[in-house]
Amino acid sequence: MPDSVDLAGLDEPSRGADDHSELLSELDSHDIAVAADAAETTDGPAFEFDAAADPDETFPQSVASGGPTPEGVILWTRVAPDRFDAGAPLAVQVARDEAMSDIVYSGVVTDTEGIRAHDYTVKVDLDGHLEADREYHYRFVYRGVASRVGRCQTLPRPEDSPESVRLAVLACQNYLNGYYPAFHYVAEEDVDFLVHLGDFIYESGAGHFKGLGSYEYEGREKSLPSGHDRVWGLEDYRYLYRLYRSDRFLQEALESHTLIAGWDDHEMVNDLYWDSETDAPAGDHPRADDPEFMTRLVADAMHAWWEFMPARVEYDPGGDSLQDRFQLWRDFEFGDLVTMAMTDERLFRDPPRRAIPTPDNVGPNREPPGRTMLGEEQREWLLDTITGSETKWTVWADEVLTSPFRFGSGPLSIYPVQGGWDGYTRERMAITETIAAADVENFVTLTGDMHCYVAAYKQSSYPGRVTGGEGVAQGERIGVEFMTPAVTSLNVAEALHLTRGRRKRVTEPLLSWLIPAMNPHIEFFDSHNWGYSVVEFTREDCTYVGYAVDKTVDSPDADRSVVAAYRVPDGVVNLEDVTAEYDD
């Protein structure tokens, strides 16, 4: 690094072996929700129920599945507190058919005090009980009432050769900022799994994450138990999950598809990062300057996430470090077709840079060595997973934008998305160079967070100083990036009050032209719509379809349209616009 570079104020990391020690200590005091043991049995009164009984009164958040393996899934439900009886067992059944006549697994959870301790939620791990690459149906039975019947899916075995894998990809669903008809359409999609890239909840009970063009939505009000506008502890987080999961359309999607879940910042607090000086989490919160409070708050957030998300994230209370004890980052193999790596980009990230994000300040030569978003251990795991993948497609399920995002021209440019990888360009360069050197074929990144639709090329370098040096020419294409839009959360157009009427008709095509013009590696951009995307991998290609769904209508008949569709052929890094094939 040149001696003339001044790194003052750029948050030079000071990491050590005791990183996260206070959070580890705080987690020691928590009873983290793990999957309950179900005693296998085929009959008994626990399985008897009245077919006419209303399932919503006993199971107000319905059912869900997640954490797929080739031999099982995790099943989840929550019992209504006013229906709970500590002496009553909870039964679970799994069948090959929706009518639940061909039962392949049945069991009873008798540790009902454990259910009470975790806000009346329960997870049952069926790993080792099911067959690979199969669809199953399941239900819970409690005190004579059966839940709705859910559908779940197991992974193929690593040696299997599936013809295709279809994923519904979602992110960013601020309950206050719109309705969820997008989830109704997701429930009806013919997909294998639902991948959620984070911001499943938002930690505000008021309008902190709205903009000039945001509206009020009847029936979407919140009232946090603490009485504060922002989360203040475990009961607030639990309340938010209960509220979000009470939405019927969201329930439909989770009933219909097995979930692969990550997180971003709003599951904890906005703009979360790790402050190495205080060895505590920090971010956008009224008590952000209180390390002890923030440590308790993030531990509470993790506690509630474990309770309400059917995710296969192992927790080892004897681990010496946070990485040893807890790893959100994990990988999934869909036979020999797809390897997907999912990362945690919040618990290990260094503070945001305080430098103005101009072309002169965003380059990796302007960052101190060791600055990181992933942490060394996770970064090495990610690179080993991507470069060592032997499947046809290799996927990085990443929370924040990895490609450079410039607004402006030449020296007048800024890089406004500092919460994405533009804020961590040294580590991004190390990752990009390693993947480029390994000549990884068919590399796809699936991204959320920025509330836009994006189809872009990942390159070994980009024009400008963002990748170091002069960067006067486009680098080699090493893969593609697809961003899924927000379900409801604030996007650029809404922030500027440009999403309706004539303002939308004028600015939507203008912005969709302007951003790719400023960023030649970006093939498509839209920030005027909300919805979800479907990404399909086959032996021949990968296809991304971004759908827009009207979030202002709380109806299964809300308008849906295709915003963009792109196809990437096997072995060729080329984005082919196939939107016309999917337009209704």
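**Quick notes on the pattern of salt bridges**
Line of reasoning, step 1. As enumerated under the stated definition, the model contains 36 salt bridges in all.
Line of reasoning, step 2. One salt bridge in this structure joins glutamate 131 and arginine 96, with 3.5 Å as the shortest N-O distance. Taken as a pair, glutamate 131 in the loop between β6 (121-125) and β7 (135-142) and arginine 96 in the loop between β4 (90-95) and β5 (103-109) lie far apart in primary sequence, 35 residues in all.
Line of reasoning, step 3. Residue glutamate 131 is classed as partly exposed on the basis of its relative accessible area of 39%.
Line of reasoning, step 4. Here aspartate 160 makes a salt bridge to arginine 157, at a shortest N to O gap of 3.1 Å.

**A closer look at the side chain of arginine 245**
Line of reasoning, step 1. On the secondary structure map, arginine 245 appears in the loop between α5 (234-244) and α6 (248-256).
Line of reasoning, step 2. One buried charged residue, arginine 245, remains without a salt bridge, the closest side chain of opposite sign being glutamate 255 at 9.1 Å.
Line of reasoning, step 3. Apart from residues lying up to four places away in sequence, arginine 245 is in contact with Pro60, Gln61, Ala64, Trp76, Phe200, Leu250, Gln251, Leu254, Phe308 and Met309.

**A word on a negative patch on the surface**
Line of reasoning, step 1. A grouping of Asp316, Asp320, Asp324, Glu376 and Glu377 is seen on the molecular surface, where their side chains present a negatively charged patch.
Line of reasoning, step 2. Looking at the secondary structure, you find aspartate 316 in the loop between α7 (291-308) and α8 (322-325).

**Regarding the packing of helix α4 (residues 181-188) against α6**
Line of reasoning, step 1. Contact geometry of α4 with α6 gives a least axis separation of 7 Å together with a crossing angle of 20 degrees. As the angle between them shows, α4 and α6 are arranged roughly parallel. α4 and α6 meet at a crossing whose hand is left-handed. Between α4, through Pro181, Phe183, His184, Val186 and Ala187, and α6, the contact on the second element is made entirely by Phe249, Leu250, Glu252, Ala253 and Ser256.
Line of reasoning, step 2. Of the residues assigned to the contact of α4 with α6, the class counts are seven nonpolar, two polar and one charged.

**Points about the nonpolar core**
Line of reasoning, step 1. Within the largest apolar cluster, 127 residues are counted, with the highest numbers of intra-cluster contacts made by Leu167, Phe326, Phe334, Leu347 and Phe482.
Line of reasoning, step 2. Per-element tally for this core: the top contributor is α7, with 11 residues.
Line of reasoning, step 3. Among all residues touching leucine 167, those that are not within four sequence positions of it are Val191, Phe193, Val195, Phe334, Met340, Leu446, Ser533, Val534, Val535 and Phe537.
Line of reasoning, step 4. Core analysis: the next-biggest nonpolar cluster, separate from the first, contains 25 residues, Tyr120, Leu126, Leu130 and Tyr142 among them.

**Comments concerning the side chain of arginine 371**
Line of reasoning, step 1. Looking at where arginine 371 falls in the secondary structure, it is placed in the loop between β16 (338-342) and α9 (376-387).
Line of reasoning, step 2. The class of arginine 371 is buried, set by a relative accessible area of 3%.
Line of reasoning, step 3. At 2.7 Å, the side chain of arginine 371 and the backbone oxygen of proline 351 are in polar contact.
Line of reasoning, step 4. At 2.6 Å, the side chain of arginine 371 and the side chain of glutamate 367 are in polar contact.

**Thoughts on helix α10 (residues 425-438)**
Line of reasoning, step 1. The end-to-end C-alpha distance of α10 is 20 Å, a good match for the 20 Å that 14 residues give at a rise of 1.5 Å each.
Line of reasoning, step 2. As for α10, its buried residues are in contact with α9, β17 (393-398), β18 (443-447), β19 (453-459) and β20 (477-483).
Line of reasoning, step 3. Two residues or fewer past α10, aspartate 439 is found with a positive phi of approximately 55 degrees.

**Notes on the pairing of strand β11 (residues 193-196)**
Line of reasoning, step 1. Burial of the side chains of β11 extends over both faces: Phe193 and Val195 are buried on one face and Leu194 and His196 on the other.
Line of reasoning, step 2. On the question of chirality, the crossover connecting strand β10 (residues 164-170) to the parallel β11 by way of α4 is right-handed.

**Quick word on the confidence of the model for the protein**
Line of reasoning, step 1. Looking at the protein as a whole, the pLDDT averages 92, with 95% of positions reaching at least 70.
Line of reasoning, step 2. With pLDDT under 50 throughout, residues 468-472 is counted as low confidence; its partners more than four residues away or in other chains account for seven contacts.

**Regarding the sheet that holds β19**
Line of reasoning, step 1. Strand order in the open sheet made by the seven strands is β15-β16-β17-β18-β20-β19-β21, with mixed pairing throughout. Bordering the open sheet on either side are β15 (330-334) and β21 (522-526), each of which pairs with just one other strand. Strand-to-strand twist of the sheet, defined as the mean angle between neighbouring strand axes without regard to direction, takes the value 20 degrees.
Line of reasoning, step 2. Here β17 runs beside β18; their pairing, made up of five bridges, is parallel. Bridging from a neighbouring strand, threonine 394 pairs with phenylalanine 443 of β18.

**Here we look at unusual backbone geometry**
Line of reasoning, step 1. Despite not being glycine, serine 62 shows a phi value in the positive range, around 60 degrees.
Line of reasoning, step 2. Here serine 62 lies in the loop between α2 (55-58) and β2 (63-69).
Line of reasoning, step 3. Under the relative-accessibility criterion, serine 62 is labelled buried at 2%.
Line of reasoning, step 4. Not every positive phi belongs to a glycine, and arginine 143 is a case in point at roughly 50 degrees.
Line of reasoning, step 5. Residue placement: arginine 143 occurs in the loop between β7 and β8 (145-146).
Line of reasoning, step 6. Note on arginine 143: relative accessible area 39%, which makes it partly exposed.

**Quick look at α4**
Line of reasoning, step 1. Of all eight residues in α4, seven are buried, a share of seventy percent or more.
Line of reasoning, step 2. Inspection of α4 places Pro181, Ala182, Phe183, His184, Tyr185, Val186 and Ala187 among the buried residues, and these make up the whole buried set.
Line of reasoning, step 3. Taken together, the buried residues of α4 touch β10, β11, α6, β22 (531-538), β23 (541-549) and β24 (560-569).

**Notes on the pairing of β17**
Line of reasoning, step 1. For β17, the tally of buried residues reaches six of six residues, placing the bulk of the element in the interior.
Line of reasoning, step 2. Across five bridges, β16 lies against β17 in parallel orientation. Bridging across to β17, methionine 342 finds its partner in alanine 397.
Line of reasoning, step 3. With α9 bridging β16 and its parallel neighbour β17, the resulting β-α-β unit is right-handed.
Line of reasoning, step 4. Handedness of the β17-α10-β18 crossover: right-handed.

**Some words on the environment of threonine 488**
Line of reasoning, step 1. Among the secondary structure elements, threonine 488 is positioned in the loop between β20 and α11 (492-495).
Line of reasoning, step 2. The exposure class assigned to threonine 488 is buried, which follows from its relative accessible area of 0%.
Line of reasoning, step 3. Expressed as a C-alpha distance, the spacing of threonine 488 and asparagine 177, which sit 311 residues apart in the sequence, is 5.8 Å.
Line of reasoning, step 4. From its side chain, threonine 488 meets the backbone oxygen of asparagine 174 in a polar contact 2.7 Å long.

**Some remarks on the packing of α5 against α7**
Line of reasoning, step 1. The interhelical angle for the contact between α5 and α7, taken along N-to-C directions, is 35 degrees, at an axis separation of 8 Å. Relative to α7, the crossing made by α5 is right-handed. In contact with Leu234, Tyr237, Arg238, Tyr241 and Arg242 of α5, α7 contributes Leu297, Asp300, Ala301, His303, Ala304, Trp305, Glu307 and Phe308.
Line of reasoning, step 2. Counted by class, the contact of α5 with α7 contains eight nonpolar, one polar and four charged residues.

Reading the values: the criteria
- Residues numbered from 1 in each chain as written.
- Predicted model: local features only at pLDDT ≥ 70, side-chain atom pairs only at ≥ 80, totals over all residues.
- Heavy atoms only, no water.
- Salt bridge = Lys/Arg side-chain N within 4 Å of Asp/Glu carboxyl O.
- Helix = DSSP H or I, 4+ residues; strand = E, 2+ residues; numbered from the N terminus.
- Buried < 20%, exposed > 50% of the residue type's maximum accessible area, 1.4 Å probe, protein only.
- Lys, Arg positive; Asp, Glu negative; His and termini not counted.
- Contact = heavy atoms within 4.5 Å.
- Patch = residues over 30% accessible without salt bridge, like charges linked within 9 Å, V, L, I, M, F, W, Y side chains within 5 Å.
- Areas by Shrake-Rupley, 256 points an atom, 1.4 Å probe, with all protein chains shown as cover.
- Charge placed at Lys NZ, Arg CZ, Asp CG, Glu CD.
- Axes fitted to C-alpha atoms, helices over the stretch in contact; angles between N-to-C directions.
- Parallel < 35°, antiparallel > 145°, perpendicular 65-115°, else oblique.
- Left-handed = near helix turned anticlockwise from the far one by under 90°.
- Nonpolar A, V, L, I, M, F, W, Y, C, P; charged D, E, K, R; others polar.
- Core = buried A, V, L, I, M, F, W, Y, C linked by side-chain atoms within 4.5 Å.
- Polar contact = N/O pair within 3.5 Å; in protein donor to acceptor, adjacent residues only side chain to side chain.
- Expected span 1.5 Å × (residues − 1).
- Right-handed = clockwise from strand over helix to strand, strands pointing away.
- pLDDT = per-residue confidence, 0-100.
- Pairing = 2+ DSSP bridges.

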